[in-house]
Amino acid sequence: MSKKNFTLLTSTCVPIEDENIDTDQIIPARFLKATTRDGFGDNLFRDWRYQQDGTPNADFVLNTNTYSGEILVAGKNFGCGSSREHAAWAIADYGFRVVISSFFADIFKNNALNNHLLPIQVSDDFLKELFEAIKADPAVQVEINLPDQTIKIPTLSISEPFEINDYKKMCLTNAYDDIDYLLSLRDEVANYETRIA
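Residues numbered from 1 in each chain as written. Predicted model: local features only at pLDDT ≥ 70, side-chain atom pairs only at ≥ 80, totals over all residues. Heavy atoms only, no water.

(A) Quick look at the packing of helix 3 (residues 86-94) against helix 4 (residues 106-114). Contact pair helix 3 / helix 4: the axes reach a minimum separation of 8 Å and the direction vectors enclose 50°. With respect to helix 4, the axis of helix 3 lies oblique. As helix 3 packs across helix 4, the resulting crossing turns out to be right-handed. Contacts between helix 3 and helix 4 involve A87, A88 and I91 on the former and, on the latter, F108, N111 and A112. For the contact of helix 3 with helix 4, the class distribution of residues is five nonpolar, one polar and no charged. (Axes fitted to C-alpha atoms, helices over the stretch in contact; angles between N-to-C directions. Helix = DSSP H or I, 4+ residues; strand = E, 2+ residues; numbered from the N terminus. Parallel < 35°, antiparallel > 145°, perpendicular 65-115°, else oblique. Left-handed = near helix turned anticlockwise from the far one by under 90°. Contact = heavy atoms within 4.5 Å. Nonpolar A, V, L, I, M, F, W, Y, C, P; charged D, E, K, R; others polar.)

(B) Region of the structure containing the environment of S83. Examined against the element boundaries, S83 turns out to sit in the loop between strand 3 (71-74) and helix 3. Sequence-wise, S83 and D106 are 23 residues apart; in three dimensions their C-alpha atoms are separated by 9.3 Å. Sequence-distant contacts of S83, defined by excluding residues within four places in its chain, comprise I107 and N111.

(C) Quick peek at the side chain of R97. You can see R97 is positioned in the loop between helix 3 and strand 4 (98-101). Although R97 is buried, it makes no salt bridge; E70 carries the closest opposite charge, 4.4 Å away. One polar contact links the side chain of R97 to the main-chain carbonyl oxygen of N5, over a distance of 3.3 Å. (Buried < 20%, exposed > 50% of the residue type's maximum accessible area, 1.4 Å probe, protein only. Lys, Arg positive; Asp, Glu negative; His and termini not counted. Salt bridge = Lys/Arg side-chain N within 4 Å of Asp/Glu carboxyl O. Polar contact = N/O pair within 3.5 Å; in protein donor to acceptor, adjacent residues only side chain to side chain.)

(D) Inspection of the packing of aromatic side chains at higher detail. Counted under the stated rule, the structure contains eight aromatic pairs. A centroid spacing of 6.3 Å and a plane angle of 85° characterise the contact between F78 and F104, whose relative ring orientation is edge-to-face. Here F78, found in the loop between strand 3 and helix 3, pairs with F104, found in the loop between strand 4 and helix 4; they are 26 residues apart in sequence, far enough to count as distant. The pair F78 / F104 is uniform in exposure class, with both members buried. Site record: aromatic cluster; members linked through ring pairs are F45, W48 and F60. (Phe/Tyr/Trp six-rings, centres within 6.5 Å; stacked < 30°, edge-to-face > 60°.)

(E) Layout of the environment of Q141. With respect to the helices and strands, the residue Q141 is situated in the loop between helix 5 (124-136) and strand 6 (142-145). In this structure, the C-alpha to C-alpha distance between Q141 and T10, residues 131 residues apart in sequence, is 6.3 Å. Filtering out sequence-adjacent residues up to four positions away, Q141 remains in contact with T10, S11, T12, K152, I153 and P154.

(F) Looking closely at helix 4. Among the residues making up helix 4, those that are buried are F108, N111, A112 and L113. Packing partners of the buried residues in helix 4 comprise helix 1 (23-26), helix 3, strand 5 (118-121) and helix 6 (166-174). Directly beyond the C-terminal end of helix 4, a positive phi value near 60° is found at H116.

(G) Spatial organisation of the environment of L117. Along the chain, L117 turns up in the loop between helix 4 and strand 5. Sequence separation between L117 and D93 is 24 residues; the distance between their C-alpha atoms is 9.9 Å. Dropping the residues within four chain positions of it, L117 is found in contact with A88, I91, F96, R97, V98, V99, F108, A112 and L172.

(H) Up close: helix 6. Residues of helix 6 that are buried: K168, K169, C171 and L172. Mapping the buried residues of helix 6 onto a view down its axis gives an arc of 160°, with all of them on the same face. Its side-chain oxygen placed 2.8 Å from the backbone nitrogen of Y167, N165 serves as the N-cap of helix 6. A175 sits one or two positions beyond helix 6 and adopts a positive phi of about 60°. (Arc of directions from axis to C-beta.)

(I) Region of interest: unusual backbone geometry. A positive phi angle, near 50°, is found at F45, a position not held by glycine. Relative to the assigned elements, F45 resides in the loop between helix 1 and helix 2 (46-49). Of note in this structure, H116 is not a glycine but carries a positive phi near 60°. Within the secondary structure, H116 is located in the loop between helix 4 and strand 5. With a relative accessible area of 16%, H116 lands in the buried category.

Below you can see the structure in the form of C-alpha cells.
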C-alpha cells in the first residue's frame, strides 16, 4: 500500500448498507497469516464476495459494474468486533481511501487513520441521504475536503463537517506515518542539540 498525500478527493462511492459490519466480515480470520500488508484486498469481504465453491457472488456490490470509486459507504457501527489491523489493510489495499459511516468502532477508526485510510463519521441523516443519492445515481460524486474537514454531495448541494484528530490530519495531509513525522523533525532536533551542546 503506497501512501499518498490527502487533501481533496472527489469520487464515486461503493455502498454497503449493512449495519454492525465487524472486522471478521471485512477480512476473515483465516486470511491473517501474511506478514506484509499487501494482498489483503483480494480477500476483502471474502465470505460475501464469493460462494463456498469459490465462484463470485454476482449479487455482492464489489462484484458488479454498477458501483466503483475510492469511497466505501457503510451502515452504522462499522469495524466492530476484534481489533485486527488487517481490516484497515484490506480496505486500503483494495483501493479505498475513505470509509463513510455514522459510527465507527474506536479501534478500527484508529487503525484506519494509522494506515492512511480516512474514516469519516457523519450524521444518520446525512448517511441516509448519501445512500439514497448513490442508489438514484451510481455515478454521483462525493467531495472530501480534508483541510476544511467537510464532505459534500454537490448535486444535492448538501455538506457536513467531520471531526479528525489534528495530528492524524497532519499525517494524512503529508502522507506521514509516525516514523515519517519524527524524521520530518530531524533538522529541528539537530538545531536544538547544537544549541544545548
